[in-house]
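Remarks on the overall topology
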Amino acid sequence: MPVEIRALTPDDHRAIEQIAQFCTHAFRTIAPDYMTTVEEAREEIAESFADDRISRVAVDGDSNTAIGWIGGILTYEPFAWELHPLAVDPGYQGHGIGRALAADLETQVKARGGLTIYLGSDDELGLTSLHGIDLYPNPLEHLARIQNLKRHPYEFYQKCGFVFTGIVPDANGFGKPDLLMAKRVG
Ligand SMILES: CC(C)(COP(=O)(O)OP(=O)(O)OC[C@H]1O[C@@H](n2cnc3c(N)ncnc32)[C@H](O)[C@@H]1OP(=O)(O)O)[C@@H](O)C(=O)NCCC(=O)NCCS
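Residues numbered from 1 in each chain as written. Predicted model: local features only at pLDDT ≥ 70, side-chain atom pairs only at ≥ 80, totals over all residues.

**Considerations on the overall build of the protein chain**
What counts, and what does not: A run of H or I in DSSP becomes a helix once it reaches four residues, and a run of E becomes a strand once it reaches two; helices and strands are each numbered from the N terminus. Residue burial here comes from a neighbour count, namely the number of other C-beta atoms, placed from the backbone, that lie within 10 Å of the residue's own C-beta, with 20 or more meaning buried, 12 or fewer meaning exposed, and in between meaning partly exposed.
A count of helical and extended segments in the protein chain gives 5 helices and 7 strands. Moving toward the C terminus, one meets the helices and strands of the protein chain in the order β-α-α-β-β-β-α-β-α-α-β-β. Over its C-alpha atoms, taken along the principal directions, the protein chain stretches across nearly 50 × 35 × 30 Å. Residues classed as buried in the protein chain amount to 31% of the 186 residues present.

Listed below in structure tokens is the structure:
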């Protein structure tokens, strides 16, 4: 399947609708309250067109269908960008699309003079061994012993070259941390 990755633009109505559709399904197993409706997804996509953002879409060249979406937010100008969000259409997962999108974002950030891409990936649903426990007084010791119980995407990011840089205990309520990861790209 030929896959093209290109900029997503506000006039790309067809791709925007396709992304909005698959985003309402893609996050169910990781962030059940995020982009639950097509309207919410459209708003998220619209926000990705701001000046301090990067918005890139993966398109299946055979069917001209949008199958993945990645965004970047310039948070520490000009050096560090947050990766947010990333989703691959559930019907196309496991075929290297996510890895290709992450690599594409790295190229985009590097071209803008960025040095670092970082991200937060929540564990709200017990996907890792760090869910449901008190991480204090040594959160980093817990992080060093993390186990992936139900395919939390941190392992995907590790395969893309990201490393753990920290953890926000209780970010989503007690025992629901946010895992922080980063990668040098410049
Ligand atoms: C996470 C996600 C973007 C990965 O995209 P993908 O196209 O399925 O991933 P790829 O096929 O490029 O996978 C690359 C590697 O990561 C691994 N991988 C992918 N998802 C994984 C997961 N959830 N847990 C563990 N490993 C994973 C693959 O097995 C593959 O490993 P390999 O190179 O050894 O074969 C996709 O599953 C998705 O959209 N998930 C729902 C939304 C989400 O979780 N977004 C991230 C929130 S922070």
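**Description of the site of the ligand**
Cut-off, in case you're wondering: Any residue whose backbone-placed C-beta atom lies within 6 Å of a molecule or strand is treated as near that molecule or strand. When residues are sorted by character, Ala, Val, Leu, Ile, Met, Phe, Trp, Tyr, Cys and Pro go into the nonpolar class, Asp, Glu, Lys and Arg into the charged class, and all the rest, Gly among them, into the polar class. Each domain's limits were defined by an automated method or a database of domain assignments.
Taken together, 19 residues form the shell around the ligand, and within it Gln93, Gly98, Arg99, Glu155 and Phe156 come nearest. In terms of residue class, the shell around the ligand is built from 9 nonpolar, 6 polar and 4 charged. Each of domain 1 (1–114) and domain 2 (121–186) accounts for three or more of the residues forming the shell around the ligand.

**Points about the domain arrangement of the protein chain**
In plain terms, the rule: Whether two residues are in contact depends on their C-beta atoms, placed from the backbone: they are in contact if these lie within 7 Å.
When its domains are assigned, the protein chain resolves into domain 1 (1–114) and domain 2 (121–186). Of note, the centres of domain 1 and domain 2, computed from C-alpha atoms alone, are 22 Å apart. Counting residues at the interface gives 9 residues for domain 1 and 7 residues for domain 2. Along the lines of polarity and charge, the residues of the side of domain 1 that touches domain 2 split into 4 nonpolar, 2 polar and 3 charged.

**Quick look at unusual backbone geometry**
With omega at -5°, the peptide bond leading from Glu77 into Pro78 counts as cis. With respect to the secondary-structure elements, Pro78 resides in the loop between strand 3 (65–76) and strand 4 (80–88). Positive phi values are uncommon outside glycine, yet Asn64 reaches one of about 55°. Tracing the backbone shows Asn64 in the loop between strand 2 (53–60) and strand 3.

**With respect to the environment of Ser55**
For Ser55, the location among the structural elements is in strand 2. Along the sequence, Ser55 and Leu8 sit 47 residues apart, while their C-alpha atoms lie 5.5 Å from each other. Discounting chain neighbours no more than four positions away, the residues touching Ser55 are Ala7, Leu8, Ser48, Phe49 and Gly71.

**What about the nonpolar core?**
Side chains of nonpolar character tend, in soluble globular proteins, to be buried together. Worth spelling out the cut-off: The nonpolar core criterion groups buried Ala, Val, Leu, Ile, Met, Phe, Trp, Tyr and Cys residues into a set whenever they are joined through C-beta atoms within 7 Å.
In this structure, Ile19, Cys23, Val57 and Leu105 are the most contacted members of the largest nonpolar core, which totals 38 residues. The biggest single contributor to this core is helix 1 (residues 13–26), with 7 residues. When residues are assigned to domains, this core turns out to be shared by domain 1 (1–114) and domain 2 (121–186), each giving three or more.

**Here's the deal with the sheet that holds strand 3**
Quick reminder of the rule: By this definition, two strands are paired if DSSP reports at least two bridges between them. All axes are obtained by fitting lines to C-alpha atoms, using only the stretch in contact for helices, and the reported angles, taken between N-to-C directions, cover 0 to 180 degrees.
Across the sheet, which stays open at both edges, the 7 strands sit in the order 1-2-3-4-5-7-6 with mixed pairing between neighbours. Taken across any chain shown, the strands that pair with only one partner, and hence form the sheet edges, are strand 1 (3–7) and strand 6 (163–168). Neighbour to neighbour, the strand axes of the sheet diverge by 25° on average, direction disregarded. Here strand 5 (residues 116–122) runs beside strand 7 (residues 178–184); their pairing, made up of 7 bridges, is antiparallel. Looking at strand 7, one finds that Gly120 is bridged to Leu180.

**Let's talk about the pairing of strand 3**
In summary, the side chains of a regular strand alternate between the two faces of the sheet. In this sheet, strand 3 lies alongside strand 2 in antiparallel orientation, the contact comprising 8 bridges. Paired with Val57 across the two strands is Trp69, which belongs to strand 3. Where strand 2 folds back on strand 3, the antiparallel hairpin that results is connected by 4 residues, among which Asn64 adopts a positive phi of roughly 55°. As judged from the 7 bridges shared by strand 3 and strand 4, these two strands associate in the antiparallel manner. Note on strand 4: the bridge partner recorded for Ile73 is Glu82.

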